[in-house]
Amino acid sequence: MSDASYRDAIFSTPLDRVARFSFDEKVVACFPDMIRRSVPGYGQILGMLSLIAQRHLRHGAHVYDLGCSLGASGLALAGTLEPDAFRYTGIDLSPAMVSQARQTFLVECSDHAMQVEEADIRTLEYAPSGLIILNFTLQFLPAADRDALLAKLYAALEPGGVLILSEKTVDADERDNAWRVERYHDFKRANGYSDLEISQKRTALENVLVPDTLDALHGRLAKAGFPRSVTWFQYLNFASLIAFKEG
Ligand SMILES: C[S@@+](CC[C@H](N)C(=O)[O-])C[C@H]1O[C@@H](n2cnc3c(N)ncnc32)[C@H](O)[C@@H]1O
Ligand SMILES: O=C(O)C(=O)C[C@]1(C(=O)O)C=C[C@@H](O)C=C1
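Note that the structure is predicted; figures quoted are calculated from it, not measured. (Residues numbered from 1 in each chain as written. Chains lettered and ligands numbered in written order. Predicted model: local features only at pLDDT ≥ 70, side-chain atom pairs only at ≥ 80, totals over all residues. Heavy atoms only, no water.)

### Structural notes on the UniProt feature "domain: Methyltransferase" (unreviewed entry) in the chain
Part 1: Here, UniProt's "domain: Methyltransferase" (unreviewed entry) annotation points to residues 63-161.
Part 2: Here residues 63-161 is 37% helix and 29% strand, with 10 Å between the C-alpha atoms at its ends. (UniProt positions renumbered as here; feature names shortened; annotations may be inferred. Helix = DSSP H or I, 4+ residues; strand = E, 2+ residues; numbered from the N terminus.)

What follows is the structure in structure tokens.
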């Protein structure tokens, strides 16, 4: 996957008008670099995913990866679990993401059952699953659509199944939020992004990526039916939660 990836320079030159962020061909071409330099702890979250699957996934169960992009979570699972341990379906709305993810799975893990479908996760008919991954995807849905999706996912999970929900978050306390965002921008600078890139990307993401608070995420999970959810990872304004369906 990484050899087909370019360095992210999308926002490096001054733009007269910054367009809304979208998962088009330009983003796809540099996505692995973009996400690793923009999401604190991204690699650690992928690493832990396999360990969580080893603990919670029934042998041979079905796994959904919603908003799978280039299939990084699928690759992480295939790299650590035996071919008959799970069946994977990645879903994404972006045709460019879907075609590259399919190609990657063909080349990198043809011995595993890996499928990718182009679909809207809000309208998909879900098959019963043991693990559902929503990594940095819920934040891109209109807020009004989020609860209905989570309720569908709760219904699709088998007893004992788990949902992994990773998101950029906002802090309800203005001062705490400002501190986290400032340190997040330091993190981006340390990863080679300029002030111009940081500010133009921020503009492009306005009203496109609308983060919830951590409390709101736990609240949404409870409302969807999950009796228990735990924040297992947090790094500045990024977090990952696990939600359990009773066994
Ligand atoms: C930040 S990326 C996810 C990153 C990916 N999960 C990973 O870990 O590498 C968000 C993805 O969600 C997809 N997406 C956004 N809205 C969607 C929807 N309604 N249905 C399906 N995919 C969607 C986008 O096309 C994009 O590829
Ligand atoms: O660069 C940012 O500000 C981000 O929020 C990073 C983020 C995300 O959280 O999804 C935004 C867009 C890209 O999809 C990759 C990562």
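### Thoughts on the pairing of strand 4 (residues 129-135)
Part 1: Burial analysis of strand 4 places 7 of its 7 residues in the buried class, the great majority of the element.
Part 2: Pairing of strand 1 (residues 61-66) with strand 4, which is carried by 3 bridges, proceeds in the parallel orientation. Within strand 4, the position partnered with Tyr64 by the bridge is Ile132.
Part 3: Where strand 4 lies against strand 5 (residues 157-168), 6 bridges are found, and the strand directions are parallel. Across the sheet, the residue bridging to Ile133 is Ile164, located in strand 5.
Part 4: Once the chain exits strand 4 it traverses helix 5 (residues 143-156) before rejoining the sheet at strand 5, and the crossover so formed is right-handed. (Buried < 20%, exposed > 50% of the residue type's maximum accessible area, 1.4 Å probe, protein only. Pairing = 2+ DSSP bridges. Right-handed = clockwise from strand over helix to strand, strands pointing away.)

### Focus on the layout of surface pockets
Part 1: Within this model, the largest pocket holds a volume of roughly 960 Å³.
Part 2: Around the largest pocket, the lining is made up of 49 residues, and of these Phe23, Ser69, Phe136, Thr137 and Phe140 lie nearest the centre.
Part 3: At the level of elements, helix 1 (25-38), helix 2 (42-56), helix 3 (72-80), strand 2 (86-92), helix 5, helix 6 (174-190) and helix 7 (195-205) are the ones that each hand at least two residues to the lining of the largest pocket.
Part 4: The greatest single-element share of the lining of the largest pocket, amounting to 6 residues, is contributed by helix 1. (1 Å grid on protein atoms, 1.4 Å probe; cavity = no way out; pocket = protein on both sides within 12 Å on 5 of 7 lines; lining within 4 Å. Points joined across faces, edges and corners; volume = space filled by probe spheres on them.)

### A word on empty space enclosed by the protein
Part 1: On inspection of all chains with the given rule, the structure shows 1 cavity of 30 Å³ or more.
Part 2: Approximately 60 Å³ is the volume attributed to the largest cavity.
Part 3: Tallying contributions element by element places helix 7 first for the lining of the largest cavity, with 3 residues.
Part 4: Split into classes, the residues belonging to the lining of the largest cavity amount to 3 nonpolar, 1 polar and 4 charged. (Nonpolar A, V, L, I, M, F, W, Y, C, P; charged D, E, K, R; others polar.)

### Remarks on the site of ligand 1
Part 1: In the neighbourhood of ligand 1, 21 residues make up the surrounding shell, with Tyr42, Gly67, Ser69, Asp92 and Asn135 lying closest.
Part 2: Within the side chain of Ser69, an N or O atom sits 2.8 Å from an oxygen atom of ligand 1.
Part 3: Leu93 places a polar main-chain atom, nitrogen or oxygen, 3.2 Å from a nitrogen atom of ligand 1.
Part 4: In the complex, the protein chains occlude 94% of the 600 Å² of accessible area that ligand 1 would expose alone.
Part 5: Judged by its atoms lying within 2 Å of the grid points, ligand 1 is housed in the largest pocket. (Near = heavy atom within 4 Å. Polar contact = N/O pair within 3.5 Å; in protein donor to acceptor, adjacent residues only side chain to side chain. Areas by Shrake-Rupley, 256 points an atom, 1.4 Å probe, with all protein chains shown as cover. Sits in = over half its atoms within 2 Å of the grid points.)

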